[in-house]
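Listed below are the residues making up each chain.
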Amino acid sequence: MPELKDQIDLSKLPTHIAVIMDGNGRWAQEQGEDRLYGHYHGVESVRAVVEGCAELGIGYLTLYAFSTENWDRPQDEVSGLMELLVSTIRKEAEGLNKNNIRLHIIGDKNMLPPTAQTELQEALDLMNDNTGLNLIMALSYSGRWDLVNSVKKIAEKAKTGELDVSGISEEVLKANLSTANFPDPELMIRTSGEFRISNFLLYELAYAELYFTDVRWPDFRKENLYEAILGYQNRERRFGKTSEQMQ
Ligand code: IPE
Ligand code: IPE
Ligand code: MG
């Protein structure tokens, strides 16, 4: 059997992969450690997946790092996780930049501490002209938050007359989401055995192939990514049509 990576059909790669990085807390608790220990180890998995996607030539990788609902976790976990996320982005920025990776952040930036906002903006500016992998971090993000924002923007345009109500279409809704500049993900991966979306890209995942694995996020490595891509390549995407129509 050839290596997993060599089994991947490079002509049938997803353009956009989205990942719900779940299971850090359980991974840590299973080893008698506290939850933050799991988040720290999750960073290694982020590196592996970013590298794996960049090597394959994937265009877009969205990582769900912190949801709107995660703000309701115990205060020490929230502050520890925020610190880890911001310091990791700061530390990795140089390396990402060298690899021509362009960072994007989606989510409610206003919820983040002002210093974090400044540091994240610096990282974004640094990579602004890069043309390689688009790495999209969903931070203080939720699908419903984004949809409400899109509706507000559209309503504002309708009010000022910039847009007619009859002109509101799926494209207009999409164009006002924080993901307006990214194609919809073809593949969504969730780790750690949970079978739900948890308020991730609600609009964008309409026709994504969903891939669930029991592997906890801190254990996720390139091989697991390859397995998910191979799983995706073995599926028939029908978009409502019949199998015969797709031949
Ligand atoms: C994913 O791991 C990271 C975040 C949600 C921030 P969890 O912290 O949800 O870990 P589990 O699901 O409780 O094991
Ligand atoms: C989803 O994981 C959010 C992130 C991975 C950032 P959660 O652990 O918060 O989701 P639920 O609570 O299990 O649905
Ligand atoms: Mg979880």
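Residues numbered from 1 in each chain as written. Chains lettered and ligands numbered in written order. Predicted model: local features only at pLDDT ≥ 70, side-chain atom pairs only at ≥ 80, totals over all residues. Heavy atoms only, no water.

### A few points about the packing of helix α3 (residues 35-56) against helix α8 (residues 222-233)
Step number 1: One way to put it is that α3 packs onto α8 with a least axis distance of 9 Å and a crossing angle of 55°. Here α3 lies oblique to α8, going by the angle between them. Along this stretch, α3 crosses α8, giving a crossing that reads as right-handed. Mapping the contact onto sequence places Ala48, Val49, Glu51, Gly52, Cys53, Glu55 and Leu56 in α3 and Lys222, Leu225, Tyr226 and Ile229 in α8.
Step number 2: Taken together, the residues that form the contact of α3 with α8 break down as 7 nonpolar, 1 polar and 3 charged. (Axes fitted to C-alpha atoms, helices over the stretch in contact; angles between N-to-C directions. Helix = DSSP H or I, 4+ residues; strand = E, 2+ residues; numbered from the N terminus. Parallel < 35°, antiparallel > 145°, perpendicular 65-115°, else oblique. Left-handed = near helix turned anticlockwise from the far one by under 90°. Contact = heavy atoms within 4.5 Å. Nonpolar A, V, L, I, M, F, W, Y, C, P; charged D, E, K, R; others polar.)

### Brief notes about the site of ligand 1
Step number 1: Within the structure, ligand 1 sits among 13 residues, and Met21, Asp22, Arg26, Arg35 and Arg73 are positioned closest to it.
Step number 2: Backbone polar atom of glycine 23 to an oxygen atom of ligand 1: 3.3 Å apart, as the coordinates give it.
Step number 3: At 2.7 Å from an oxygen atom of ligand 1 is found a main-chain nitrogen or oxygen belonging to arginine 26.
Step number 4: Protein contacts shield 88% of the accessible area of ligand 1, which totals 370 Å² for the unbound molecule.
Step number 5: Counting residues per element, the shell around ligand 1 draws most heavily on helix α2 (residues 24-29), at 3 residues. (Near = heavy atom within 4 Å. Polar contact = N/O pair within 3.5 Å; in protein donor to acceptor, adjacent residues only side chain to side chain. Areas by Shrake-Rupley, 256 points an atom, 1.4 Å probe, with all protein chains shown as cover.)

### A look at the site of ligand 2
Step number 1: Around ligand 2, the neighbouring residues are Ile20, Met21, Asp22, Tyr64, Ala65, Phe66, Ser67, Asn70, Arg73, Arg190, Arg196 and Ser198.
Step number 2: Contacts to ligand 2 include asparagine 70, whose side-chain N or O atom sits 2.9 Å from an oxygen atom.
Step number 3: Separating an oxygen atom of ligand 2 from a side-chain N or O atom of arginine 73 is a distance of 3.2 Å.
Step number 4: In isolation ligand 2 offers 390 Å² of accessible surface; the protein chains occlude 78% of this area.
Step number 5: With 4 residues, strand β2 (residues 60-67) is the single largest residue contributor to the shell around ligand 2.
Step number 6: Here the residues of the shell around ligand 2 sort into 5 nonpolar, 3 polar and 4 charged.

### What to know about helix α4 (residues 75-98)
In an α-helix, one turn spans 3.6 residues, which is why side chains three or four residues apart end up on the same side.
Step number 1: Helix length check: α4, at 24 residues, gives a terminal C-alpha distance of 35 Å against a target of 34 Å (1.5 Å per residue), a fit within 8%.
Step number 2: Of all the bends in α4, the greatest measures close to 45° and is centred on glutamate 92. (Expected span 1.5 Å × (residues − 1). Bend = angle between axes of the 7 residues up to and from the residue.)

### Side note on the pattern of salt bridges
Step number 1: Applying the stated criterion across every chain, the model contains 18 salt bridges.
Step number 2: For the salt bridge of glutamate 55 with lysine 222, the shortest nitrogen-to-oxygen distance reads 3.1 Å. Taken together, the positions of glutamate 55 in helix α3 and lysine 222 in helix α8 put the pair 167 residues apart, joining distant regions of the chain.
Step number 3: Take glutamate 55: its relative accessible area is 43%, and that puts it in the partly exposed class.
Step number 4: In this structure, arginine 235 engages glutamate 209 in a salt bridge whose closest nitrogen and oxygen atoms are separated by 3.1 Å. With a gap of 26 residues between them, arginine 235 in the loop between α8 and α9 (243-246) and glutamate 209 in strand β6 (residues 209-212) connect regions that are remote in the sequence.
Step number 5: Accessibility expressed as a relative area gives 32% for arginine 235, which makes it partly exposed. (Salt bridge = Lys/Arg side-chain N within 4 Å of Asp/Glu carboxyl O. Buried < 20%, exposed > 50% of the residue type's maximum accessible area, 1.4 Å probe, protein only.)

### Re the sheet that holds β2
Step number 1: Across the sheet, 6 strands lie side by side as β3-β4-β2-β1-β5-β6; this open sheet has parallel pairing. At either margin of the open sheet sits one strand with a lone partner, and together these are β3 (102-106) and β6. Taken over all neighbouring pairs, the strand axes of this sheet differ in orientation by 20° on average, direction set aside.
Step number 2: Pairing of strand β5 (residues 187-190) with β6 involves 4 bridges; the strand directions are parallel. Bridge pairing in β6 places methionine 188 opposite leucine 210.
Step number 3: Strand contacts of α3: β1 (16-20), β2 and β4 (134-141), with the helix running at about 160° to β2, the strand carrying the most contacts. (Pairing = 2+ DSSP bridges.)

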